[in-house]
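This is what each chain is made of:
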Amino acid sequence: MGYAALAYALAALVLAYPVLGGQFLVNLHSDQYIAGFAFRDFAAQALRAGQSIPQWNPYMFGGLPYIGAMHGDIFYPTALLRMVMRTDLAMTWGFILHMFAAGLFTYGFLRAWGVGFMASLIGGLAYMLGGPVASYASPGHDGKLFVSALLPLALWLLIRGVRDGRAWAWGAFAITVGLALLSPHPQLLQYLLLTAGAFALFLALGSDARGVRLHRGVAVRRLALALGAVILGMAIGAIQYLPVREYVAWSPRAAGHDWGTATSYSFPLLELFNLYLPQFTGILERYWGQNLIHFHSEYIGGSVLLLATLAVGGDQRRGFRRFWIGTGIVAMLWMLGGSTPFFRIIYELVPGTKFFRAPSTIIYVFAFSLSVLAALGTERVLARQFNRKVVFTWLGIGAIVAVLGTGGILSTFALSKARSVGEAYAQAAGYDPSVAPQVAAMFEAKVTANRGTLLIGAWRSFLFVALVAGLLLAWMRGKLPARVLYAGLALVVAADLLSVAKQYWMFSPPAATLYASDPVIDVLKREPQPGRVLVRRVSDEGVVDRDPYFGNDGIGKGTGLMVHGIRSVTGYHGNELGRYQLMSNAPVSQNLKALMMPTFWRHENTRYLYTNAAMPDTQLTLLAGPVKNSAGSTVYLYRLPGDNPYAWVAAAKAKAPDSEIEQAVLDPRFDPRRIAVYSDTSPLAITALTAMPEPSPITTTTSNFAPGRATIALSAPAPANASLVVSENYFPGWTATVNGSAQPVYRANYNLIGIPLPAGAQTIELSFHDEAVQRGKVITLLAVLVALAVLAGGVVVDRRRHA
């Protein structure tokens, strides 16, 4: 184990050495750059200050639950790193450690099955350095990496529990499942549990490496223990998933996805060629395929594919080999999604599938299957039992691909496909048909620019296949010492995979530089009253690519302002509250959404415009700019017209259906100071109005403003029948005290907080506390204690049993 750990640590260091100089594993296309850092640093700062984890995020989309809406690894152990080191360094080390763990756990799993040291080492290298796992660093998908690393650990523990009957394994397996839930990545968690469940059945009902089967009663009992451990593991994840379960009904995903959305990120059939030749559809900026967002790699490696095919045939480990061949086939069909009819069965029958939209993410199970087969193929090589025809076949395939690349045939084929891909993209994006040829030409231009890289890539893949083939054939003829074969195979496989993976490990300066303050941010920080910022890029002039403040489109989808504790009406999340999403995206005209309307600004406490150009509108007041932000973009800050306060007093209250309320509050004729409109499903008792009241003259002042907390003072005592409306999204968990006494909180004006005021009210304390988090915390703590007790007790039992 020690030598294997050293090999995996060295491999990880080849990718990650810039971290030793304080660099941040992030790039312009990374979700960590646009949002992940802000999410994690938000909680890290609270913990370092001795506070609890925040439960409300007020900095985007009108506010949303921090835990229920999921903001990354809030409760996963990597969060502890952020208490002892800079957030950006802790995030980087989270990737490095899990890359290492993916290799080491794969090695441990294979060794537990009885696979030899060298073959297991190759299997671990193939999994940790293969594109599906190693390239998670590029898009910043740490949650996917966490679950991918935990998969072989879960399978390893199942061997110890189901096959070997080790009592301690059930506590460890429960903790592993709990960690996968806390990752939190529910889609990859689903795949881990399905794979683990299938493997547990294989262990219980099939034969082990020695050909021995479990007695039926023993098999059933151990399967029951495995199921119990899964349930205990789910209880460990309660602190994250009870709030999530509560939140689903409020989120945009409440009804699940239709077929088109659920298959929108399927793995294209054409890109199966990338498993061998990653340059075929282009790497990173050169990508021209149909997946649109493609900052990852599918590369399995010619060397790994050759070794994996050598596992086929023979009687050794037949059942184990067949299981992983079958798992690999199912995972491949699953990841192809809508590309084949197979996924329709999954979509209709597998629970939870309709809530996800990227079947291609199961590729990590496919990659693991091939890594196991590569280890089994290596085992056959070491025993000199492999089929030399397979080696020569791979040499022929590699040579043909290299020749086709040299002759330009691959590029010509890619060019023909790029046109149809571009036209399909234009149609899916809703472009005018006359624009489709221009879009297709852009895709063709990428193929043209990729020609040289494709040629080099074809020969690179052939080189590594030839190196492995040369080692195997020399070994078969007895012309190569065992130690040279061992070292040669490990180095060739590692070099093959690292040469591609290295392109996806891009580092940047520390976060303190990436998100440095500027005069515009300084002005916003000095503002005495809460106000949201509308981020709008009016043109591409002066804005750098993927600015973390502007995001990647006209309406700011970045969270750079959140790093500085500044609230934005937009952001980058994907699971904001459904009512806010519907309201902000409500169409006002053909080219205008409610987000850009003064009535929406009034409704959502929007007081500032952050933009990249001088605005001639005389209703706007320039506060700062032009200045350069930390990304290098030119920015201006304007004050929007209107007061647009954080809270206001409405003179009266009424009830109406939600559909009518949404339209009313965005209507310029609606005066929110006259009336607060509650949902007709609210239990609040209201006397019908006989006439429209005059606007309330009472103003408000907000103090003690913090995530999930605010104190609001009224300029005069409230009259009877008045309501306080707070421009923060309503969600169960908001509570209020009025003049020190508890007062019910309801949803008002479609999505905001409404508080009916008793006569004489003048001071309102508002706070957010999610009861689901507290319930989850208790369940999680109890479950962790039970799992640790099972683990410790199991160790004692096993020692006595084997004494």
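This write-up is about the structure you can find in this document.

Reading guide: rules and limits
- Residues numbered from 1 in each chain as written.
- Predicted model: local features only at pLDDT ≥ 70, side-chain atom pairs only at ≥ 80, totals over all residues.
- Heavy atoms only, no water.
- Helix = DSSP H or I, 4+ residues; strand = E, 2+ residues; numbered from the N terminus.
- Rg over C-alpha atoms; globule rule 2.2 N^0.38 Å.
- Contact = heavy atoms within 4.5 Å.
- Areas by Shrake-Rupley, 256 points an atom, 1.4 Å probe, with all protein chains shown as cover.
- Lys, Arg positive; Asp, Glu negative; His and termini not counted.
- Charge placed at Lys NZ, Arg CZ, Asp CG, Glu CD.
- Buried < 20%, exposed > 50% of the residue type's maximum accessible area, 1.4 Å probe, protein only.
- Pairing = 2+ DSSP bridges.
- Polar contact = N/O pair within 3.5 Å; in protein donor to acceptor, adjacent residues only side chain to side chain.
- Phe/Tyr/Trp six-rings, centres within 6.5 Å; stacked < 30°, edge-to-face > 60°.
- Lys NZ or Arg CZ within 6 Å of the ring centre and 35° of its normal.
- Axes fitted to C-alpha atoms, helices over the stretch in contact; angles between N-to-C directions.
- Parallel < 35°, antiparallel > 145°, perpendicular 65-115°, else oblique.
- Nonpolar A, V, L, I, M, F, W, Y, C, P; charged D, E, K, R; others polar.
- Core = buried A, V, L, I, M, F, W, Y, C linked by side-chain atoms within 4.5 Å.
- Patch = residues over 30% accessible without salt bridge, like charges linked within 9 Å, V, L, I, M, F, W, Y side chains within 5 Å.
- Salt bridge = Lys/Arg side-chain N within 4 Å of Asp/Glu carboxyl O.
- Expected span 1.5 Å × (residues − 1).
- Bend = angle between axes of the 7 residues up to and from the residue.

The number of helices and strands found in the protein chain is 28 helices and 19 strands. For 803 residues, the compact-globule formula gives about 28 Å, and the C-alpha radius of gyration of the protein chain, at 29 Å, lands near that figure. Along the longest, intermediate and shortest principal axes, the C-alpha atoms of the protein chain span 95 × 65 × 50 Å. Here the contacts in the protein chain between residues at least 6 apart in sequence split such that 76% fall between residues at least 24 apart. Summed over its atoms, the accessible surface of the protein chain is roughly 31800 Å², and 62% of this surface lies on carbon and sulfur atoms. Across the protein chain, the 63 positively charged side chains and the 43 negatively charged ones have centroids separated by 14 Å.

Our next topic: the pairing of strand β18 (residues 752-756). Counting buried residues along β18, 5 of its 5 residues qualify, which places the element largely inside the surrounding structure. Taking every second residue as pointing to the same face, both faces of β18 are buried, with L752, G754 and P756 on one and I753 and I755 on the other. Both strand β14 (residues 723-729) and β18 contribute to a ladder of 5 bridges, which runs antiparallel. Bridge pairing in β18 links V725 to G754. Sheet topology places strand β17 (residues 746-748) next to β18; 3 bridges connect them, and they run antiparallel. Paired with Y746 across the two strands is G754, which belongs to β18. Two successive antiparallel strands, β17 and β18, enclose a turn made up of 3 residues, where N749 displays a positive phi of approximately 50°.

Mapped onto the elements, S371 comes out in helix α16 (residues 363-382). Judged by its relative accessible area of 2%, S371 falls in the buried class. In terms of polar contacts, S371 uses its side chain to reach the backbone amide nitrogen of Y127, at 3.2 Å. Among residues more than four places away in sequence, those in contact with S371 are G123, A126 and Y127.

A few words on the packing of aromatic side chains. The relation between two aromatic rings is expressed through the spacing of the ring centres and the mutual angle of the planes. Using the criterion set out here, one finds 46 aromatic pairs in the structure. A ring pair is formed by F550 and Y610, whose centres lie 5.2 Å apart and whose planes are at 50°; its orientation type is tilted. In this pair, F550 sits in the loop between β3 (532-536) and α24 (560-563) while Y610 sits in strand β6 (residues 606-611), placing the two residues 60 residues apart along the sequence. A relative accessible area of 0% means that Y610 is categorised as buried. Connected via pairs of aromatic rings, a cluster forms that spans F109, W113, Y127, F199, F202, F320, F323, W324 and F368. Over the ring of W475 we find R384, and its NZ or CZ is 3.7 Å from the ring centre. It is R579 that lies over the ring of Y750; its NZ or CZ is 5.2 Å from the centre.

Right, let's talk about the packing of helix α13 (residues 302-309) against helix α21 (residues 482-501) for a bit. Contact geometry for α13 and α21: axes closest at 8 Å, N-to-C directions at 130°. Of the possible angle classes, the one that applies to α13 and α21 is oblique. Each of G302, S303, V304 and L307 in α13 lies in contact with α21, whose residues at this interface are V493, D496 and L497. Broken down by class, the residue content of the contact of α13 with α21 amounts to 4 nonpolar, 2 polar and 1 charged.

Residues A647 and V649 point to one face of strand β9 (residues 647-650) and W648 and A650 to the other, with burial holding for every one of them. With 4 bridges joining them, β9 and β14 adopt antiparallel strand pairing. Within β14, the residue paired with A650 across the bridge is S723.

So, on to the sheet that holds strand β8 (residues 634-639). Strand order in the open sheet formed by 4 strands is β3-β6-β8-β7, with mixed pairing between adjacent strands. Looking at which strands have only one partner, the edges of the open sheet turn out to be β3 and β7 (621-628). Taking each pair of neighbouring strands and ignoring which way they run, the sheet shows an average axis angle of 20°. Relative to β6, β3 runs parallel, the two sharing 5 bridges. Bridge pairing in β6 places R536 opposite T611. Relative to the sheet, helix α23 (residues 519-526) contacts β3, β6, β7 and β8, its axis offset from that of β7 by approximately 145°.

What follows concerns unusual backbone geometry. A cis amide bond links S183 with the next residue in sequence, P184, at an omega value of -25°. With respect to the helices and strands, the residue P184 is situated in the loop between α8 (168-181) and α9 (186-205). Backbone torsion omega between G625 and P626 reads 5°, so that peptide bond is classified as cis. Along the chain, the position of P626 falls in strand β7. Residue F61 is not a glycine yet carries a positive backbone phi of 50°. Of the residues examined, F61 reaches a relative accessible area of 9% and is grouped as buried. Although it is not a glycine, N721 sits at a positive phi angle of roughly 75°. Within the fold, N721 resides in the loop between β13 (709-714) and β14. A relative accessible area of 32% means that N721 is categorised as partly exposed.

The next thing to look at is the nonpolar core. Counting residues in hydrophobic clusters, the biggest one holds 257 residues, and the most contacted among them are F109, L158, F199 and W505. Not counting residues within four places of it along the chain, the set of residues in contact with F199 comprises F109, W113, L155, L158, I159, F320, F323 and W324. Core analysis: the second largest hydrophobic core is formed by 9 residues, A650, A676, Y678 and L752 among them.

Here the focus is a nonpolar patch on the surface. A grouping of L6, L10, L13, Y17 and L20 is seen on the molecular surface, where their side chains present a nonpolar patch of about 520 Å² in accessible area. Counting through the fold element by element, L20 comes out in the loop between α1 (2-16) and α2 (31-48). Judged by relative accessible area, which is 61%, L20 ranks as exposed.

Right, let's get into the environment of S741. Summarising the element assignment, S741 is placed in strand β16 (residues 741-743). Between the C-alpha atoms of S741 and G793, which are 52 residues apart in sequence, the distance is 50 Å.

The end-to-end C-alpha separation of helix α7 (residues 142-163) is 32 Å, in line with the 32 Å expected for 22 residues at 1.5 Å each. Its maximal kink placed at L151, α7 deviates by approximately 25°, while the proline P152 follows within four residues. Downstream of α7 by one or two residues, G165 has phi in the positive range, about 70°.

Keep in mind that these numbers describe shape and distance, not what the molecule does.
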